[in-house]
Amino acid sequence: MKKKFLSAMLALSMVLGLTACGSNGGSGKGSEATTVSGETEAVEINGITYNKATDLTTDEIELTYFHFDQDETVQYLADRFMELYPNIKVNAVYENVATYNDTLLTLVNNQQTPDVVMFSDADFALSNMLVRDISGYWDSDPETQNLADTVNDCGLGCYETSARYAVPVKFFPGVMYVDLNVLEALNVEAPSRNWTWDEMIQLIKDCTVLDSPDGMAYYGCGYYNRLDSYYGIAAAQTIKGEFGFDGTDFDLGIWAVGEQQFSDLKLGGYIAPTTETQEMEDWMGDWEAWCGASGHVALFTEAFWTYQGTWATEAFDQYDLDIVPYVVPAVSEEDAATDHHTIATIDFGGVTTSCQYPREAYELLKFMSFGVDGWKTRIEAYNDESITNASGLALKYDVMPAPITKNEEVWDAYIDMYCAGMDDTHKDYWKEYFASCMQPIPYGWTSIAGYWNYCNEYFNSIGIHDLCDKGEAQAADYAVEATEKANYFHATAMLKYFGPSGYNVLSDEEIALYEGMVAEDGGSSTEQ
């Protein structure tokens, strides 16, 4: 497994109780509370009324927040947190995501472990026992009961245990973008807002016109994300993770349907050319062009941040686009008729196992992530376009997330900020979309133990995407073996991370279950 030696050293150092770097800077004691009292006092700053927790220490302490979030936004939040809690000094330390894990490991091995960390690779965080169980704080905190439904219903951040190791820090809902101008040009009716998966596939086909009158082909879909990941969540409400994961077992037979559909669309000529290909140069006359600027693509599987970061910027006013958001459709009509599980990008964070001030660190983590007070502060910063990143770009255009709280005051302010300058029709599109995306299911590497190991050591190594896209293989032919391998890697990780040699939180019944899965699905699998 990657960084096996460093991981072993890190796990050992945690057992020996490394001192957190934030803990060296303060001379006081943290609160000894193991729960959140819920008692607060109202404090007004810049016209915002905050609910300041009264169960934190009043001693001078220091906390370090290590992150790969948008740097200026986090510093703005840290400054406000310190204004709210003047006895707590916050060191907000940014690290580029490309070098994040290695740098964090170095800090730990140098006995400089931060108090609060972000992470996206669950296997990295759990195998190194980076984060502690914060269920005592979470379960007693009233705010945690007013988050997107799946956070608690599906145990996001619990990793199929009775403990909680992480909270959602950044939430980017899954979204399908539709260019209404393309539909109008092709005389194709806009789909229902409660559309189904099959209706989306049909739209892609209906909007592909290779011999268009204007001499430039229209394509039904331009992609950033493949459809198979979306389908694996959209197939049923019982699914809690990618590849048809139901909380215990995977079902790659579900994934195979979406994989094959997407590959068939590519083979059929329904998917727009990608950047830096000969096909792109032949189509748009520019090797480095992007289909999102063509005005000839109906639907995009782009990231949530693409709208504000690209299409909503002045640079794109020159293109004849009318981009509106649609919820990722469900497969069944019954699921599509109501709010349903949809894939999302969620980065997580936790309090480290060596943190000496866990109650205060939890409050900081909350402020930086799902907390109402933190989101009021974020929106204040996003509304002030004089506050920019290092490149001079206003913060709302720099990979801005969405709130994962359901607090109405936060959402009203967020929508007003997000939709500034839109007419009522387009604002209603966004309001309806935001209301429909609050049952997020994260990508597997952030939320399922063993998932990234599985992808690294098996799934990605067989090159299934390329094989299917070239018509050299059928996804269904791999479904049985891929399911067995996924279950094996997951069960092995659960035993390693949460069994007696790890966090030791599994029951005897759970240990027996996962040991049985390893024995049944191990086969020719290689030990992680």
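Everything in this summary refers to the structure shown in the same document. (Residues numbered from 1 in each chain as written. Predicted model: local features only at pLDDT ≥ 70, side-chain atom pairs only at ≥ 80, totals over all residues. Heavy atoms only, no water.)

**Overview of the overall build of the protein**
Tallying secondary structure elements over the protein gives 22 helices and 12 strands in all. Computed over its C-alpha atoms, the radius of gyration of the protein comes to 24 Å, within 12% of the 24 Å expected for a compact globule of 528 residues. By its C-alpha atoms, the protein is 75 × 60 × 40 Å across when sized along the principal axes. Across the 528 residues that make up the protein, the buried fraction comes to 59%. Contacts spanning at least 24 positions in sequence make up 76% of the contacts within the protein whose residues lie at least 6 apart. Total accessible area computed for the protein in this model is approximately 20800 Å², and 46% of it derives from carbon and sulfur atoms. Of note, the protein has its 26 positive side-chain charges centred 7 Å away from the centre of its 85 negative side-chain charges. (Helix = DSSP H or I, 4+ residues; strand = E, 2+ residues; numbered from the N terminus. Rg over C-alpha atoms; globule rule 2.2 N^0.38 Å. Buried < 20%, exposed > 50% of the residue type's maximum accessible area, 1.4 Å probe, protein only. Contact = heavy atoms within 4.5 Å. Areas by Shrake-Rupley, 256 points an atom, 1.4 Å probe, with all protein chains shown as cover. Lys, Arg positive; Asp, Glu negative; His and termini not counted. Charge placed at Lys NZ, Arg CZ, Asp CG, Glu CD.)

**What to know about the nonpolar core**
Generally speaking, a soluble globular protein has its nonpolar side chains buried in company with each other. Formed by 153 residues in total, the largest nonpolar core has its most connected members in Phe 304, Tyr 414, Tyr 418, Trp 430, Phe 434 and Phe 498. Other than its neighbours up to four places away in sequence, Trp 430 contacts Tyr 177, Phe 304, Tyr 307, Pro 325, Tyr 418, Cys 419 and Met 422. Judged by nonpolar contacts, the second largest core, of 20 residues, contains Phe 243, Tyr 458, Ala 475 and Ala 482. (Core = buried A, V, L, I, M, F, W, Y, C linked by side-chain atoms within 4.5 Å.)

**What to know about the pairing of strand E10 (residues 323-326)**
Covered by surrounding structure in E10 are Ile 323 and Pro 325 together with Val 324 and Tyr 326, the residues of both alternating faces. Judged from the 4 bridges that link them, strand E7 (residues 176-179) and E10 form a sheet pairing that is antiparallel. Looking at the pairing, Asp 179 lines up with Ile 323 of E10. (Pairing = 2+ DSSP bridges.)

**Considering the pairing of strand E11 (residues 342-351)**
Taking burial as the measure, the 10 residues of E11 include 9 buried ones, the bulk of the element. Strand direction decides the pairing type here: strand E6 (residues 167-173) and E11, joined by 6 bridges, are antiparallel. Opposite Val 167, over in E11, you have Gly 349 as the bridge partner. In this sheet, strand E12 (residues 440-442) lies alongside E11 in parallel orientation, the contact comprising 3 bridges. Its bridge partner lying in E12, Ala 344 is registered against Pro 442.

**Regarding the packing of helix H2 (residues 71-84) against helix H14 (residues 358-368)**
Two numbers describe a pair of packed helices, the interaxial angle and the distance between the axes. Where H2 contacts H14, the two axes come as close as 10 Å, and the packing angle between them is 135°. Classified by the interaxial angle, the pair formed by H2 and H14 is oblique. With respect to the hand of their crossing, H2 and H14 are arranged in right-handed fashion. Together, Val 74, Leu 77, Ala 78, Arg 80, Phe 81 and Leu 84 of H2 and Glu 363, Leu 364, Phe 367 and Met 368 of H14 make up the contact between the two elements. Of the residues contributing to the contact of H2 with H14, the split by class is 8 nonpolar, no polar and 2 charged. (Axes fitted to C-alpha atoms, helices over the stretch in contact; angles between N-to-C directions. Parallel < 35°, antiparallel > 145°, perpendicular 65-115°, else oblique. Left-handed = near helix turned anticlockwise from the far one by under 90°. Nonpolar A, V, L, I, M, F, W, Y, C, P; charged D, E, K, R; others polar.)

**A look at the sheet that holds strand E8 (residues 219-223)**
Within the open sheet, the 4 strands sit side by side as E8-E9-E7-E10. Their pairing is mixed. Each edge of the open sheet carries a strand with a single partner, namely E8 and E10. Ignoring strand direction, the axes of neighbouring strands in this sheet form an average angle of 25°. Contacts from helix H17 (residues 424-436) reach E7 and E10 within the one sheet, and its direction differs from that of E10 by about 25°.

**Let's talk about the environment of Glu 288**
The topology assignment puts Glu 288 in the loop between helix H11 (278-284) and strand E9 (297-301). Leaving out residues up to four positions away in the same chain, Glu 288 has contacts with Thr 275 and Glu 276.

**What about the state of the cysteines?**
Inspection of the entire model under this criterion finds 0 disulfides. Looking at the unpaired Cys 221, the closest cysteine sulfur is the one in Cys 291, lying at 8.1 Å. For Cys 221, a relative accessible area of 0% corresponds to the buried category. Lacking any disulfide linkage, Cys 419 is separated from the closest cysteine sulfur, that of Cys 437, by 12 Å. (Disulfide = S-S within 2.5 Å.)

**With respect to the pattern of salt bridges**
Pairing between side chains of opposite charge can happen when their charged atoms approach one another. Applying the stated criterion across every chain, the model contains 17 salt bridges. With its nearest N and O atoms 2.9 Å apart, the salt bridge here joins Arg 226 to Glu 259. Taken together, the positions of Arg 226 in the loop between E8 and helix H9 (227-234) and Glu 259 in helix H10 (residues 252-267) put the pair 33 residues apart, joining distant regions of the chain. Under the relative-accessibility criterion, Arg 226 is labelled buried at 14%. Judged by its relative accessible area of 0%, Glu 259 is buried. Across the pair Lys 376 and Glu 409 runs a salt bridge, and its minimum N-O distance is 3.7 Å. Separated by 33 residues along the polypeptide, Lys 376 in helix H15 (residues 372-383) and Glu 409 in helix H16 (residues 408-418) bring together distant segments of the chain. Given the relative accessible area of 14%, Lys 376 is considered buried. Residues joined by salt bridges that share partners form a network here, namely Arg 226, Asp 228, Glu 259, Lys 266 and Asp 469. (Salt bridge = Lys/Arg side-chain N within 4 Å of Asp/Glu carboxyl O.)

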